[in-house]
Amino acid sequence: MRENKNKLRQEVKSRLMELTKEEHEELSNRIAENLFALEEWKNADTIGITISIPPEVPTVRIIEQAWSEGKVVAVPKCDPEKKTMEFKKISSFNQLESVYYGLLEPVAETAKACKEELDALIVPGLAFNKEGYRLGFGGGYYDRFLSNYRGDTLALTYELQLMDGLPIEVHDLAVGKLITPSRVIRTYAH
C-alpha cells in the first residue's frame, strides 16, 4: 500500500510540474473564485489553511482575501515527534518561519486556534477521488486532526489531481467539497 501511494504521489507531482506558470495561475485563480462563492467560505469567521508550496494550488491569495474580508486565518504548526499539529492564528506573513522541507509555519509565539474555532478547514492533498478521499503528503497529520473535527472541510484541486483508483485505508477521512477550476464537487462526507 505504502509503495503504491508513493508511486502515485510521484506521478501526480510530475503531472503538476507539467503545467505552465500561466496555466497554474489561471487555474488557481478560478479555484479561488469558486471557493469565494461558497456559503462555507462566506459563513466562516475563522479559516484553517496551509501555506502552500509549489506545485500545490497557491493559498497566499486566498489568505489575503480572508484578511480583507475580516476573517481570522489559522495555519498549521506540526510537531514531527508526536505527528500532531495545531493551528495558530496569523495576521501577517511575517509571523511565519521556514521549517523542514521549506514549509512555512507560524512562529511559536503566535496564538493558538482551538479546533472548535475553525469554521472551515482547507485540507491539502496531492490527489483526490470524487468521494472526497485524498492522498496526502504522507505524514498522516490531517487524518489525525480530522478524526474529531466538526467544521466544513474543503479541498482545492486541479482536475488532473482527480483520480478513480485511489488507495483508501481505514483511517482515511473524506473532505466535504472538492473545489476545481470548473466545478465544486459535493462528496458523501458532506
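Right, let's walk through the structure included here. Everything numeric in this text was worked out from a predicted model, so none of it was measured. (Residues numbered from 1 in each chain as written. Predicted model: local features only at pLDDT ≥ 70, side-chain atom pairs only at ≥ 80, totals over all residues. Heavy atoms only, no water.)

1. Side note on the packing of aromatic side chains
Thought 1: Applying the stated criterion across every chain yields a total of 4 aromatic pairs.
Thought 2: Aromatic pair Phe87 and Phe145: ring centres 5.0 Å apart, planes at 55°, arrangement tilted. With Phe87 in strand β3 (residues 84-90) and Phe145 in helix α5 (residues 141-146), this pair connects stretches of sequence that are 58 residues apart. An identical accessibility class is assigned to Phe87 and Phe145; each is buried.
Thought 3: Here the aromatic cluster, defined as three or more aromatic residues joined through ring pairs, consists of Phe87, Phe145 and Tyr149. (Phe/Tyr/Trp six-rings, centres within 6.5 Å; stacked < 30°, edge-to-face > 60°. Helix = DSSP H or I, 4+ residues; strand = E, 2+ residues; numbered from the N terminus. Buried < 20%, exposed > 50% of the residue type's maximum accessible area, 1.4 Å probe, protein only.)

2. Looking at helix α1 (residues 2-17)
Thought 1: For α1, built from 16 residues, the straight-helix expectation of 22 Å at 1.5 Å per residue is met to within 8% by its first-to-last C-alpha distance of 23 Å.
Thought 2: Of all the positions in α1, only Lys5, Leu8, Arg9, Val12 and Leu16 are classed as buried. Taken around the axis of α1, the buried residues stretch over an arc of 105°, which confines them to a single face. Residues of α1 that are exposed and point more than 90 degrees away from the buried face comprise Glu3, Lys7 and Met17.
Thought 3: The inward-facing, buried residues of α1 contact α2 (21-36), β8 (127-128) and β9 (134-135). (Expected span 1.5 Å × (residues − 1). Arc of directions from axis to C-beta. Contact = heavy atoms within 4.5 Å.)

3. Quick word on the pattern of salt bridges
Thought 1: Within this structure, the stated rule accounts for 16 salt bridges.
Thought 2: Between Asp143 and Arg134 there is a salt bridge whose closest N-O contact spans 3.6 Å.
Thought 3: Given the relative accessible area of 15%, Asp143 is considered buried.
Thought 4: Salt bridges sharing partners connect three or more residues here, namely Lys5, Glu169 and Asp172. (Salt bridge = Lys/Arg side-chain N within 4 Å of Asp/Glu carboxyl O.)

4. Thoughts on the side chain of Lys88
Thought 1: The topology assignment puts Lys88 in strand β3.
Thought 2: A distance of 2.8 Å separates a polar side-chain atom of Lys88 from the backbone oxygen of Ala108.
Thought 3: For Lys88, the contacting residues outside a window of four places in its chain are Val73, Ala74, Val75, Lys77, Pro106, Ala108, Thr110, Ala111, Lys112 and Ala113. (Polar contact = N/O pair within 3.5 Å; in protein donor to acceptor, adjacent residues only side chain to side chain.)

5. Comments concerning the nonpolar core
Thought 1: Judged by nonpolar contacts, the single largest core of 33 residues is most densely connected at Leu35, Trp41, Ile49, Ile62, Ile122 and Leu156.
Thought 2: Mapped by element, the contributors of at least two residues to this core are α1, α2, α4 (60-68), β2 (72-79), β7 (120-122) and β10 (152-156).
Thought 3: Counting residues per element, this core draws most heavily on α2, at 4 residues.
Thought 4: Setting aside chain neighbours within four positions, we find Trp41 in contact with Leu35, Phe36, Ile47, Ile62, Gln65, Ala66, Glu69 and Lys71.
Thought 5: Membership of the second largest hydrophobic core comes to 19 residues, among which are Phe87, Val123, Tyr142 and Phe145. (Core = buried A, V, L, I, M, F, W, Y, C linked by side-chain atoms within 4.5 Å.)

6. Let's talk about the layout of surface pockets
Thought 1: One number sums up the size of the largest pocket: a volume of about 1200 Å³.
Thought 2: Residue lining of the largest pocket: 41 residues in total, with Gly136, Phe137, Gly138, Gly139 and Tyr141 positioned closest to the centre.
Thought 3: Secondary-structure elements contributing two or more residues to the lining of the largest pocket are α1, β2, β5 (104-106), β9 and α5.
Thought 4: Here the lining of the largest pocket takes 6 residues from α1, the largest share from any one element.
Thought 5: Tallied by class, the residues present in the lining of the largest pocket amount to 20 nonpolar, 9 polar and 12 charged.
Thought 6: One number sums up the size of the second largest pocket: a volume of about 220 Å³.
Thought 7: Taken together, 13 residues form the lining of the second largest pocket, with His24, Glu25, Pro54, Glu56 and Pro58 sitting closest to its centre.
Thought 8: Top element by residues in the lining of the second largest pocket is α2. It accounts for 5 residues.
Thought 9: Residues belonging to the lining of the second largest pocket are distributed by class as follows: 6 nonpolar, 4 polar and 3 charged. (1 Å grid on protein atoms, 1.4 Å probe; cavity = no way out; pocket = protein on both sides within 12 Å on 5 of 7 lines; lining within 4 Å. Points joined across faces, edges and corners; volume = space filled by probe spheres on them. Nonpolar A, V, L, I, M, F, W, Y, C, P; charged D, E, K, R; others polar.)

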